[in-house]
Amino acid sequence: MKVHARAATASAVINDVPAASATPRFWVIVVVCVVLDFVTKALAVKHLVPRHMPHEILGDVVRFTLAYNPGAAFGMHLGPASRWIFAGLSVVIVAVLLRATADLTRVSRIAAFGVPVVIGGAIGNLLDRVRLREGVVDFIDIGIGTVRFWTFNVADTAVTIGAACLVIALWQQDRELQRPQQPPPRESQDVG
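Residues numbered from 1 in each chain as written. Predicted model: local features only at pLDDT ≥ 70, side-chain atom pairs only at ≥ 80, totals over all residues. Heavy atoms only, no water.

(A) Molecular detail of the packing of helix α3 (residues 82–100) against helix α5 (residues 109–131). The geometry of α3 relative to α5 is characterised by a closest axis approach of 9 Å and an angle of 160 degrees between their N-to-C directions. When the interaxial angle is binned, α3 and α5 end up roughly antiparallel. Every pair of crossing elements has a handedness; the one defined by α3 and α5 is left-handed. Two secondary-structure elements touch here, α3 through R83, W84, F86, A87, S90, V91, V94, L97 and L98 and α5 through V115, V118, I119, A122, L126, R129, V130 and R131. Across the contact of α3 with α5, the residue classes break down as 13 nonpolar, one polar and three charged. (Axes fitted to C-alpha atoms, helices over the stretch in contact; angles between N-to-C directions. Helix = DSSP H or I, 4+ residues; strand = E, 2+ residues; numbered from the N terminus. Parallel < 35°, antiparallel > 145°, perpendicular 65-115°, else oblique. Left-handed = near helix turned anticlockwise from the far one by under 90°. Contact = heavy atoms within 4.5 Å. Nonpolar A, V, L, I, M, F, W, Y, C, P; charged D, E, K, R; others polar.)

(B) Representation of a nonpolar patch on the surface. A surface patch of nonpolar side chains, amounting to about 420 Å² of accessible area, comprises V31, V35, F38, V39 and L43. Its location among the elements puts L43 in helix α2 (residues 24–47). Classification of L43 by relative accessible area gives partly exposed; the value is 46%. (Patch = residues over 30% accessible without salt bridge, like charges linked within 9 Å, V, L, I, M, F, W, Y side chains within 5 Å. Areas by Shrake-Rupley, 256 points an atom, 1.4 Å probe, with all protein chains shown as cover. Salt bridge = Lys/Arg side-chain N within 4 Å of Asp/Glu carboxyl O. Buried < 20%, exposed > 50% of the residue type's maximum accessible area, 1.4 Å probe, protein only.)

(C) Looking closely at the pairing of strand β2 (residues 62–69). Of all eight residues in β2, seven are buried; the element is thus mostly enclosed. Bridge count for strand β1 (residues 55–58) against β2 is three bridges, and the pairing is antiparallel. Note on β2: the bridge partner recorded for E56 is R63. Hairpin connection between β1 and β2: a loop of three residues separates the two successive antiparallel strands, and G59 in this loop has a positive phi of roughly 60 degrees. Sheet topology places β2 next to strand β3 (residues 136–144); six bridges connect them, and they run antiparallel. (Pairing = 2+ DSSP bridges.)

As structure tokens, this is what we get:
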């Protein structure tokens, strides 16, 4: 693992590239994710009433169904303090992610996209935890008949897409580090 960190750090220093979080593009992506999540949740709360009543979008496969999740992903709940525990955990995860991926975002465009998408999604759900006593607004309901996936939202989708980008970026970085080093080309000497 240290080899990976050293390789990324050395590459970043050589290229003198700022971490993605130091660029305006990074924060634009974060803001777009947060705003898109906020607007879609506001529309869901306004138009998808009453709660738990499905509204078919693509037949029975994709429905919009308003629900509130007071816990974390997949309905995980830690009792009455869940809201604040998960809010605090979200802040810690964002801080750790920013720090842990700084070098990776310098050398990988896909990571430079994935990290702000994850952070935007985390902030979107964090805002719900702080402002809504009921919990995070979920409304995207996918499945067939009674076999349904957990109801989720745009922020959850952003976190999933961003995490997939990070996995791909790490896989690409690992592949690059496993590739045998090519010796530098030898200069030909003219004999005259």
